[in-house]
Amino acid sequence: IAGLIVTDNPISLWVATDEGVYHQNGDKWDYFASQDNLVDRQVAAIFQDSEGNIWWGVKGGVAFYDGANVKITPVTDNLIFTITQNQAGDIIVGSWGSVARYDGTNWNYYPLADALPGSTVSFFTKDHQGYPLYSTDKGAAWYDGNDWQTFATEQGLVDNRVRSIAGDGQGNLWLGTTNGMGRFDGVHWKTFMTNDGLAGNLVRVITVDNQGRLWF
């Protein structure tokens, strides 16, 4: 599983995988793959925008689903690893070597990529104050509005290949890597691996539900 989202009205589950996208629609599952306008079956990111549309990250671009049709928009030659939306409503995507912003008409490179520790942006999100958090192949980075802070093995992170980040609403940051998961409380790091109860040390997805529970 590369990503999952839970939508409201009606409540349903979307799951991104290496073999396409699965959508739980009532008591059945819908399946979207290459025959449904996906240029590649491997889907590395999935996101629901503020208008309820679903975006999928594939090799070469993004797939946009409005509830009826799938449309592919070319962005880059590489696989899209992450998708989000900023406060202005622009769609932001990250891939190997670049971050791009879509304003509804045009795609432009996102300049903040120059400040990141690695060249592959695998995930980004926002903290409880709205500041961005980026994960890359060489650690993670957080921007507090003035300065960048880097999280890597030198600071106590278990592995630099960060695949997911989430805040739990209690001031903790959870970072999923290819070799375990780290929790940062603002001062100290704690590492979780299979011997602590993880199903596997590769943590590609971390999701916090509306009850504050973490899923990974």
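Residues numbered from 1 in each chain as written. Predicted model: local features only at pLDDT ≥ 70, side-chain atom pairs only at ≥ 80, totals over all residues. Heavy atoms only, no water.

(A) Just the pattern of salt bridges, in detail. A full pass over the atoms with the stated rule returns 4 salt bridges. Between Asp-90 and Arg-101 there is a salt bridge whose closest N-O contact spans 3.4 Å. With Asp-90 in the loop between strand E7 (70-85) and strand E8 (91-95) and Arg-101 in strand E9 (residues 98-102), this residue pair connects regions lying 11 residues apart in the sequence. The exposure class of Asp-90 is buried, given its relative accessible area of 11%. Of the residues examined, Arg-101 reaches a relative accessible area of 24% and is grouped as partly exposed. (Salt bridge = Lys/Arg side-chain N within 4 Å of Asp/Glu carboxyl O. Helix = DSSP H or I, 4+ residues; strand = E, 2+ residues; numbered from the N terminus. Buried < 20%, exposed > 50% of the residue type's maximum accessible area, 1.4 Å probe, protein only.)

(B) Looking closely at the packing of aromatic side chains. Under the definition given, this model contains 14 aromatic pairs. With a centroid separation of 4.8 Å and 25° between ring planes, the pair formed by Tyr-102 and Trp-107 is classed as stacked. The class for Trp-107 is partly exposed, based on a relative accessible area of 21%. Through a chain of ring-to-ring contacts, three or more aromatic side chains come together here, namely Trp-14, Phe-32, Trp-56 and Tyr-65. Positioned above the aromatic ring of Phe-192, the side-chain terminus of Lys-190 is 5.3 Å from the ring centre. (Phe/Tyr/Trp six-rings, centres within 6.5 Å; stacked < 30°, edge-to-face > 60°. Lys NZ or Arg CZ within 6 Å of the ring centre and 35° of its normal.)

(C) Local environment of the nonpolar core. Ranked by internal contacts, the top residues of the largest apolar core, which has 13 residues, are Trp-14, Val-21, Phe-32, Ile-46, Ile-54, Trp-56 and Tyr-65. Looking at this core, the elements that each hand over two or more residues are strand E2 (12-17) and strand E6 (54-65). The leading source of residues in this core is E6, at 5 residues. (Core = buried A, V, L, I, M, F, W, Y, C linked by side-chain atoms within 4.5 Å.)

(D) Focus on the side chain of Asp-30. When you line up the elements, Asp-30 lands in strand E4 (residues 28-32). Not counting residues up to four positions away in its chain, the partners in contact with Asp-30 are Val-21, Tyr-22, His-23 and Asn-25. (Contact = heavy atoms within 4.5 Å.)

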